[in-house]
Amino acid sequence: ETGVTQSPTHLIKTRGQQVTLRCSSQSGHNTVSWYQQALGQGPQFIFQYYREEENGRGNFPPRFSGLQFPNYSSELNVNALELDDSALYLCASSLDREDYEQYFGPGTRLTVT
Amino acid sequence: GNSVTQMEGPVTLSEEAFLTINCTYTATGYPSLFWYVQYPGEGLQLLLKATKADDKGSNKGFEATYRKETTSFHLEKGSVQVSDSAVYFCALSPYGGATNKLIFGTGTLLAVQP
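Keep in mind that what you see is a predicted model, and the values were worked out from it rather than measured.

Rules and cut-offs
Residues numbered from 1 in each chain as written. Chains lettered and ligands numbered in written order. Predicted model: local features only at pLDDT ≥ 70, side-chain atom pairs only at ≥ 80, totals over all residues. Heavy atoms only, no water. Helix = DSSP H or I, 4+ residues; strand = E, 2+ residues; numbered from the N terminus. Rg over C-alpha atoms; globule rule 2.2 N^0.38 Å. Buried < 20%, exposed > 50% of the residue type's maximum accessible area, 1.4 Å probe, protein only. Contact = heavy atoms within 4.5 Å. Areas by Shrake-Rupley, 256 points an atom, 1.4 Å probe, with all protein chains shown as cover. Lys, Arg positive; Asp, Glu negative; His and termini not counted. Charge placed at Lys NZ, Arg CZ, Asp CG, Glu CD. Buried area = accessible area lost by both parts, 1.4 Å probe. Salt bridge = Lys/Arg side-chain N within 4 Å of Asp/Glu carboxyl O. Polar contact = N/O pair within 3.5 Å; in protein donor to acceptor, adjacent residues only side chain to side chain. Nonpolar A, V, L, I, M, F, W, Y, C, P; charged D, E, K, R; others polar. Pairing = 2+ DSSP bridges. 1 Å grid on protein atoms, 1.4 Å probe; cavity = no way out; pocket = protein on both sides within 12 Å on 5 of 7 lines; lining within 4 Å. Points joined across faces, edges and corners; volume = space filled by probe spheres on them. Disulfide = S-S within 2.5 Å.

A. Up close: the overall build of chain A. Within chain A, the regular secondary structure consists of zero helices and 11 strands. Taken from N to C terminus, the helices and strands of chain A fall in the order β-β-β-β-β-β-β-β-β-β-β. In terms of overall size, chain A behaves like a compact globule, its C-alpha atoms giving a radius of gyration of 13 Å where 113 residues would be expected to give roughly 13 Å. Structurally, chain A occupies a C-alpha span of about 40 × 25 × 25 Å along its principal axes. Across the 113 residues of chain A, 47% fall into the buried class. For chain A, contacts bridging at least 24 residues in sequence account for 54% of all contacts bridging at least 6. For chain A, the exposed surface amounts to about 5400 Å²; the carbon and sulfur share of it is 46%. A distance of 9 Å separates the average location of the 8 positive side-chain charges in chain A from that of its 12 negative side-chain charges.

Written out as structure tokens, the structure reads:
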């Protein structure tokens, strides 16, 4: 059974640019959640996708958007990057949107300069 | 709103010492409660969980009991090892929501010295 994978591992972008992060969910999981973890902080919920539809969103601006594909993999897109967007971005998958057990990927470290 | 407060770190202990990391929460209804662990350079791993009041979650020698009367879910281990050095996050998943989103505390760094 393959776990949750994320790509790329690290990324450096310039303020104002756009970035796309990718996540492959664990086999059989139809729900993917994205979290932002700033240095020294706990992860903050960005949004969740369930069966290709957005299923809940945290307190993040619209320039954070996402997508889920028919194979349940997912993308996180961030437009107009700001310095404060520098963080570890974590993806988590679960069997279903009501299943309390989430499996996290290793994360993508984004640095905005 | 929903929130989690956990004790500030770092917590520095000698090997075989007793560990307590305090966690309290604010939530409506009956949230599910979790402890996650993050080893250096890695993502989060679920350590243990409790889904209703008075449940005790346990794993790898760690324990936590869901106390609704004190809105707490303190993490304990009787004898820590150097390999337990990591950041520990307390989290909740709100009751009855359309998502299983997690709300995390700020994390507590545990450093165990030989």
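B. Geometry of the environment of Gly28(A). Considering the arrangement of structural elements, one finds Gly28(A) in the loop between β3 (19–24) and β4 (31–37). Here the alpha-carbon distance between Gly28(A) and Leu90(A), two residues 62 residues apart in the chain, equals 19 Å.

C. View of the interface of chain A and chain B. The interface is formed by 23 residues belonging to chain A together with 18 residues belonging to chain B. Counting each side, the surface lost to burial between chain A and chain B is near 1600 Å², with a carbon and sulfur contribution of 55%. Linking chain A to chain B there are zero salt bridges. Here chain A is connected to chain B by seven residue pairs in polar contact (both at pLDDT 80 or more). By residue class, the composition of the side of chain A that touches chain B is eight nonpolar, 11 polar and four charged.

D. Spatial organisation of the pairing of strand β10 (residues 86–93) of chain B. All names here are of chain B. Most of β10 sits out of view: seven of its eight residues are buried. Direction of pairing for strand β5 (residues 32–38) relative to β10: antiparallel, over a ladder of seven bridges. Across the sheet, residue Leu 33 finds its bridge partner in β10, namely Leu 92.

E. Structural detail: the layout of surface pockets. Roughly 500 Å³ of volume is contained in the largest pocket. Contributing to the lining of the largest pocket are 26 residues, with Gln37(A), Leu88(A), Arg109(A), Gln38(B) and Val87(B) lying nearest its centre. Looking at the lining of the largest pocket, the elements with two or more residues in it are β11 (108–112) of chain A together with β10 and β12 (108–113) of chain B. For the lining of the largest pocket, the element with the highest residue contribution is β10(B), accounting for three residues. Across the lining of the largest pocket, the residue classes tally to 10 nonpolar, 14 polar and two charged.

F. View of the pairing of strand β1 (residues 3–6) of chain B. Residues and elements named next belong to chain B. Residues Val 4 and Gln 6 of β1 are buried on one face, while the alternating residues Ser 3 and Thr 5, pointing to the opposite face, are not. Of the pairings in the sheet, the one linking β1 to strand β4 (residues 23–26) comprises four bridges and is antiparallel in character. Looking at β4, one finds that Ser 3 is bridged to Thr 26.

G. Spatial organisation of the state of the cysteines. Evaluated as defined, the whole model comprises two disulfides over all chains. Two residues, Cys23(A) and Cys91(A), share a disulfide whose sulfurs are 1.8 Å apart. Torsion about the S-S bond of the Cys23(A) and Cys91(A) cystine: about -50°, corresponding to left-handed handedness. Placement of the pair is Cys23(A) in strand β3 and Cys91(A) in strand β9 (residues 87–94), with a sequence separation of 68 residues. The class for Cys91(A) is buried, based on a relative accessible area of 0%. Put simply, Cys23(B) and Cys90(B) are joined by a disulfide, and their sulfur atoms are 1.9 Å apart. On the S-S bond that ties Cys23(B) to Cys90(B), the torsion sits near -70°, and the link is left-handed. Of this pair, Cys23(B) sits in strand β4 while Cys90(B) sits in strand β10; the two residues are 67 residues apart in sequence, bridging distant segments of the chain.

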